[in-house]
Amino acid sequence: MPEIPGASRPATLRLALPSDLKQVRHAAQSVHRFLAEQGCPEEILMACDLALVEACNNAIKYAPEHSATQPITVEVICEPAQIELRVTDHTLGFDWPERIELPDPDRDSGRGLFLIQSLMDDTGYLRGVKENILVLRKARPVVARKEGNDTSAPANEQLLTDLLDELSSCYESLSAIFRYGAEQSKITDLKKFGRRLLGDLMNIVGADWFVFRVAQGDGRLAVLVASETALELEPLSLRSPHDAIEAEAWLARKDVWFDEQRPIKASDPLAVKRDSQGLAQPVFVGENLIGILVLGKTGGAQSSNKSNLIFTARQANVIATFAHFLAIQIVNARFQEEQFNNRMVARELEIAGTIQQSLLLKKLPELPEFELAAFCQSAHSVGGDFYDVLKVTDDAALLVIADVMGKGVLAAMFAAILRTVLRASPELTNQPAALLTRVNRLLFEELSGVDMFITAQLAYIDTKSRRLVTASAGHCPLLIAPGDGSGVKALSPEGMPLGILPDTVFADEVVELPRNSRVLLYTDGLTEAANEKGERFGQERLTVWLEQTGARLNSAGELKQALFELLGQFQTKMALNDDQTFLIMTG
């Protein structure tokens, strides 16, 4: 079709906006640049910006789930006399009202349409089956406005100004949240982040100061961030009665407003801001209270909105959004710290487990006319029990069983140190008491420095003479069941645990072993094992078992299996409450 002579094509712009609130800002900026290139004055640009943002936000916000992936179309037609904006949405649509009234200031809905209509010279809404088109037109002035009084100004001009300011602040808040959302994976300093976030919030809603307290596990509220040094207050206890506004908001689990009618009391920690008015808002994540945010305006200055509200309903929603965003970061930081600590603990347990396993002999040494068997089971990932057998000569060995108080890496390390020190004194292996004296002197400073101690039992066996020499450092009695059927003997030489006193004196006890004797060294995890009735296995039960096994069990391996099964039957359905370790010798 030929062009009409003298006609000119209008400048146009068409954008496909994803159904994502984060993209609204970018679309509005693109439209702003386009209209600025066409020579539109600042007041026209501002009006179009605000109306377009409100229209696009609504188009995205009210889109049903099945059409949420369809883009929002924005078209701009810039002619010499007017600007036309078209926003195509995929919502269910609505009937455009014939008359749009200004809603009450404390309401948070209905203001968008009033604002759009107030900003534009002409509006229309074409409701369709699958899509709808909002048409907005704004005249482009060809002459400058007349100076002087304008009697045609609307009576609600101040209210309109308030709405423009408020929508602008909401746009700023959305931009800030989007910006912080993009940064949240890089947050390393929670206090620095919180100070920036709440500083932006303070500027957006017109506040003069803020303080954010975080709930502690001990029933206190501690300041995380504050706008000024004077508000970096001491922790606030919730267990004692007081007049603190923050405590009232915490205990009531709702917002608390303060002003001239409900002032901050002199006994309130916030009394440094007694001339202020504002809001104390509890912050939740789910049902969990994370902390309290207080925002205030100093000097008793009222809000600029006509209703004299401290913060409008929309501002209160912005405050809640920022506070909730910060609370999520706090929860996330705690979760990451917990995960890190769990990984550290898991790694420590892995190291300790490796150390502990390295202490246990892969194969017990062989002794003429005697057999050895050992068992070690930890109640947790890592325990403090260990056993060892030091071959002294072909006919002699030192049997060791020990229990390091505590769990984890430190206990495993001391067990390794004890094993090393014992093996580093071969000249004393046939003198258990003297060996314990040396070990205690060497380890006392390190053990006492961390408030730990070790119980240990040493038993030197000379197979030729069938002579057993034993010494104890506060350990369980050594049990001997002679082959002559004379009953079980309990040997418990005097001696305190290693690490209690530097000059502890230990004593040896010597016994002869008749043929077919059974010797049991064990830790207290056996005697303190409990069943579902709360009964302890006890030394008496262990003694009876050892005495009765002589007639039917001969080898150390058979005794080990029998004792393991007996303990398992006794502890049915009960988890171990302590490590269980024993060393059996027969011959």
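Relevant structure appears above.
Definitions and limits used
- Residues numbered from 1 in each chain as written.
- Predicted model: local features only at pLDDT ≥ 70, side-chain atom pairs only at ≥ 80, totals over all residues.
- Heavy atoms only, no water.
- Helix = DSSP H or I, 4+ residues; strand = E, 2+ residues; numbered from the N terminus.
- Buried < 20%, exposed > 50% of the residue type's maximum accessible area, 1.4 Å probe, protein only.
- Contact = heavy atoms within 4.5 Å.
- Areas by Shrake-Rupley, 256 points an atom, 1.4 Å probe, with all protein chains shown as cover.
- Core = buried A, V, L, I, M, F, W, Y, C linked by side-chain atoms within 4.5 Å.
- Pairing = 2+ DSSP bridges.
- Axes fitted to C-alpha atoms, helices over the stretch in contact; angles between N-to-C directions.
- Patch = residues over 30% accessible without salt bridge, like charges linked within 9 Å, V, L, I, M, F, W, Y side chains within 5 Å.
- Salt bridge = Lys/Arg side-chain N within 4 Å of Asp/Glu carboxyl O.
- Expected span 1.5 Å × (residues − 1).
- Arc of directions from axis to C-beta.
- Phe/Tyr/Trp six-rings, centres within 6.5 Å; stacked < 30°, edge-to-face > 60°.
- Lys NZ or Arg CZ within 6 Å of the ring centre and 35° of its normal.
- Polar contact = N/O pair within 3.5 Å; in protein donor to acceptor, adjacent residues only side chain to side chain.

Colleague: When you look at the overall build of the protein in this model, what are you seeing that I'm missing?
Modeller: Each helix and strand counted, the protein has 12 helices and 21 strands in total. Looking at the protein as a whole, 47% of its 587 residues are labelled buried. Long-range contacts, defined here as pairs at least 24 residues apart, represent 66% of the contacts in the protein between residues at least 6 apart. Just so you have it, the protein exposes about 30,000 Å², and 51% of that area is on carbon and sulfur atoms.

Colleague: Explain the nonpolar core here, please?
Modeller: Across soluble globular proteins, nonpolar side chains have a tendency to be buried as a group. Counting residues in hydrophobic clusters, the biggest one holds 35 residues, and the most contacted among them are L35, V76, I83 and M120. Of all elements in the fold, only strand 1 (11-17), helix 1 (24-37), helix 2 (42-61), strand 2 (72-78), strand 3 (82-89), helix 3 (111-119) and strand 5 (132-139) reach the threshold of two or more residues within this core. A total of 12 residues in this core trace back to one element, the largest contributor, which is helix 2. Setting aside chain neighbours within four positions, we find V76 in contact with A11, T12, L13, V31, F34, L35, I83, E84 and L85.

Colleague: What is the right way to read the sheet that holds strand 4 (residues 122-127) from this model?
Modeller: Strand pairs in the sheet, formed through backbone hydrogen bonds, run parallel or antiparallel to each other. The sheet built from 5 strands is open, its strands ordered 1-2-3-5-4 with antiparallel pairing. In this open sheet, the two strands that pair with only one neighbour each are strand 1 and strand 4. Shown here is a sheet whose adjacent strand axes are inclined to one another by a mean of 10 degrees, direction ignored. Note that strand 3 and strand 5 share 8 bridges and pair antiparallel. Across the sheet, T88 pairs through a bridge with I133, a residue of strand 5. Relative to strand 1, helix 1 is tilted by about 175 degrees, and along the sheet it contacts strand 1, strand 2 and strand 3.

Colleague: Looking at this model, I keep getting lost on a nonpolar patch on the surface. Mind explaining?
Modeller: A cluster of nonpolar residues, M496, I500 and L501, forms a patch on the protein surface that exposes about 230 Å² of accessible area. Examined against the element boundaries, I500 turns out to sit in the loop between strand 18 (489-491) and strand 19 (509-512). I500 gets classed as partly exposed once you look at its relative accessible area, which sits at 35%.

Colleague: Explain helix 1 here, please?
Modeller: Each α-helix turn comprises 3.6 residues. Residues three or four places apart therefore point the same way. Helix length check: helix 1, at 14 residues, gives a terminal C-alpha distance of 20 Å against a target of 20 Å (1.5 Å per residue), a fit within 8%. Taken residue by residue, helix 1 has V24, A27, A28, V31, F34 and L35 as its buried positions. Each buried residue of helix 1 lies within a common arc of 125 degrees when the element is viewed along its axis, so the set occupies one face. Residue G39 follows helix 1 closely and has a positive phi angle near 85 degrees.

Colleague: For this particular structure, what's the right way to read the sheet that holds strand 12 (residues 371-377)?
Modeller: Taken in spatial order, the 5 strands make up an open sheet running 12-21-20-17-18, and their pairing is antiparallel. Each edge of the sheet is formed by a strand with only one pairing partner; in this case those strands are strand 12 and strand 18. When strand polarity is set aside, the average angle formed by the axes of neighbouring strands in this sheet is 15 degrees. The sheet contact formed by strand 17 (residues 478-481) and strand 18 spans 3 bridges and is antiparallel. Each residue of the ladder has a partner; that of I480, found in strand 18, is K489. Against the sheet, helix 11 (residues 538-548) contacts strand 17, strand 18 and strand 20 (518-522), and its axis sits at roughly 155 degrees relative to strand 20.

Colleague: Would you mind showing me how to read the pattern of salt bridges here?
Modeller: Opposite charge on two side chains makes pairing possible when the charged atoms of those side chains draw close. Here the structure, examined in full by the defined rule, presents 15 salt bridges. Residue R137 is joined to E84 by a salt bridge in which the shortest nitrogen-to-oxygen separation is 2.8 Å. On the criterion of sequence distance, the pair formed by R137 in strand 5 and E84 in strand 3 is long-range, its members being 53 residues apart. One salt bridge in this structure joins D395 and K464, with 3.6 Å as the shortest N-O distance. Here the residue D395 occupies a position in the loop between strand 13 (385-393) and strand 14 (396-404), and K464 occupies one in the loop between strand 15 (454-462) and strand 16 (467-473), the gap between them amounting to 69 residues. Residue D395 is classed as partly exposed on the basis of its relative accessible area, which comes to 21%. Given the relative accessible area of 69%, K464 is considered exposed.

Colleague: Teacher, can you tell me more about the environment of A327 here?
Modeller: Its location among the elements puts A327 in helix 7 (residues 313-359). C-alpha of A327 to C-alpha of I290: the two residues are 37 residues apart in sequence and 6.3 Å apart in space.

Colleague: Any chance you could explain unusual backbone geometry here in plain terms?
Modeller: Both trends apply: most residues other than glycine have a negative phi, and most peptide bonds are in trans. Positive phi, close to 50 degrees, is recorded for R466, a residue that is not glycine. With respect to the secondary-structure elements, R466 resides in the loop between strand 15 and strand 16. Residues other than glycine seldom take positive phi values, yet N516 does so here, at roughly 65 degrees. Checked against the element boundaries, N516 lands in the loop between strand 19 and strand 20. Look at N516 and you get exposed, because its relative accessible area is 59%.

Colleague: So what exactly am I meant to see when it comes to the packing of aromatic side chains here?
Modeller: Note on aromatic pairs: each is described by the distance of the centres and the angle between the planes. Evaluated as defined, the whole model comprises 9 aromatic pairs. For the ring pair F193 and F325, a centre distance of 6.2 Å and an interplane angle of 40 degrees mean the geometry is tilted. Pair noted here: F193 is in helix 5 (residues 190-205) and F325 is in helix 7, with a separation of 132 residues, a long-range link. Owing to a relative accessible area of 4%, F193 belongs among the buried residues under this scheme. Among the aromatic residues, those joined into a cluster by ring pairs are F94, W96 and Y125. Lying across the ring of F537, R541 places its NZ or CZ 5.6 Å from the centre.

Colleague: Would you take a moment to explain the environment of C476 for this structure?
Modeller: With respect to the helices, strands and loops of the structure, C476 is situated in the loop between strand 16 and strand 17. Residue classification places C476 among the buried residues on the basis of a relative accessible area of 14%. In contact with C476, not counting residues within four places along its chain, are Q457, Y522, T523 and D524.

Colleague: Which parts of the structure should I look at to understand the side chain of S472?
Modeller: Within the element layout of this structure, S472 appears in strand 16. Separated by 3.0 Å, the side chain of S472 and the backbone nitrogen of H475 make a polar contact. Sequence-distant contacts of S472, defined by excluding residues within four places in its chain, comprise L436, A456, Q457, P493, E494, G495 and F506.

Colleague: What's the story with the environment of R518 in this structure? I'm lost.
Modeller: Mapped onto the elements of the fold, R518 is located in strand 20. With a relative accessible area of 8%, R518 lands in the buried category. Apart from residues no more than four positions distant in its own chain, R518 is found in contact with L479, I480, A481, L546, E547, T549, G550, L559, M585 and T586. Within the structure, the side chain of R518 is placed 3.4 Å from the side chain of T549, a separation counted as a polar contact.

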